[in-house]
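An overview of the molecular structure
So you can see what is in the structure, the chains are spelled out below.
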Amino acid sequence: MSRVRVHNFSVSIDGFATGEGQSLDAPFGHAGTRLHEWFFPTRTFQQMLGKPDGSHGVDDAIAGTWEAGIGAEIMGRNKFGPQRGPWENDDWNGWWGPNPPFHTPVFVLTHHPRPSVEMEGGTTFHFIDATPQEALRQAREAAGDLDVRIGGGPTTVREFLAEDLVDHLHIAVVPIVLGRGERLWDGLEGLESRFQVESVTTPGGITHMTFTRP
Ligand SMILES: NC(=O)c1ccc[n+]([C@@H]2O[C@H](COP(=O)([O-])OP(=O)(O)OC[C@H]3O[C@@H](n4cnc5c(N)ncnc54)[C@H](OP(=O)(O)O)[C@@H]3O)[C@@H](O)[C@H]2O)c1
């Protein structure tokens, strides 16, 4: 069966995967860009921006595994945008412009479903109110034989971890202290016992941890 994967999920050393106070101008709230400074120079990220090059080091080698074999993504509504509650209109189609970097169906979990929207480049956003199990069923159906990525944010990743639905989790531990925001690990005591855990620290100071179902 296809696997469920999380990639390039950046977490501060105090466990926060986003800051407090998300807004249109601050997708990660008070964290600003601090969680992803390691990722921006990589060739993987630069190519998402349509730029030809970027760093080829170890961070890029690890980051670059996010795309191969993925047939659908599931993300939370707060990753998709800063709006809360009922949508005022259907104008907002994410932070990523007309051609988002996913190039697959993307299932946006929300208690406020709205019509699907087809973007350029193969990304279609579907807005669904569903349990993690049901969302995964739909994503697997859309992905065919390919894997499903859980794209975040922390609330959504935590939800899928709590239900033991994740087969491969890549965390980039960033040596910053955020102090406030949304934590990844709350309620997941003993999570490591379900996985084979490996870690490596790259010269830039990022500790990449993988949690893989044995
Ligand atoms: N550190 C990283 O690598 C990383 C990666 C991705 C995103 N992020 C950041 O993380 C932040 C978003 O994370 P977050 O934890 O605040 O939120 P999130 O996980 O993106 O979304 C949570 C929201 O999704 C909806 N939702 C989740 N599960 C649902 C379900 N089973 N059924 C129906 N609706 C459901 C609910 O919204 P409603 O009730 O409002 O519909 C819920 O409040 C953003 O700042 C984003 O930029 C960080």
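Because the structure is a prediction, the values reported are computed rather than measured. (Residues numbered from 1 in each chain as written. Predicted model: local features only at pLDDT ≥ 70, side-chain atom pairs only at ≥ 80, totals over all residues. Heavy atoms only, no water.)

**Observations regarding the UniProt feature "domain: Bacterial bifunctional deaminase-reductase C-terminal" (unreviewed entry) in the protein chain**
Threshold: UniProt positions are given in the numbering used here, feature names are shortened, and annotations may be inferred rather than shown by experiment. For helices the rule is a DSSP run of H or I covering at least 4 residues; for strands it is a run of E covering at least 2, with both sets numbered from the N terminus onward.
When the UniProt feature table is mapped onto this chain numbering, "domain: Bacterial bifunctional deaminase-reductase C-terminal" (unreviewed entry) sits at residues 8-202. Here residues 8-202 runs as 19% helix and 25% strand, with 14 Å between its end C-alpha atoms.

**Here we look at the sheet that holds strand β7 (residues 147-152)**
Note the following rule: DSSP-based pairing: two strands are paired if at least 2 bridges between them are found. The contact definition used throughout considers only heavy atoms, calling two residues in contact when any of these lie within 4.5 Å. Axis definition: a line fitted to C-alpha atoms, over the contacting stretch in the case of helices. Angles run 0 to 180 degrees between N-to-C directions.
Taken together, nine strands build an open sheet; the order of strands is β5-β6-β4-β3-β7-β1-β8-β11-β10 and the sheet is mixed. Looking at which strands have only one partner, the edges of the open sheet turn out to be β5 (117-118) and β10 (196-201). Here strand β1 (residues 4-12) runs beside β7; their pairing, made up of two bridges, is parallel. Bridge pairing links Arg5 to Arg149 in β7. Its contacts with the sheet put helix α4 (residues 132-143) on β1, β3 (70-76), β4 (105-109), β6 (124-128) and β7, and the angle it makes with β3 is roughly 150°. Helix α5 (residues 154-162) rests against β1, β3, β4, β7 and β8 (168-174) of the sheet, and its axis sits at about 135° to β7.

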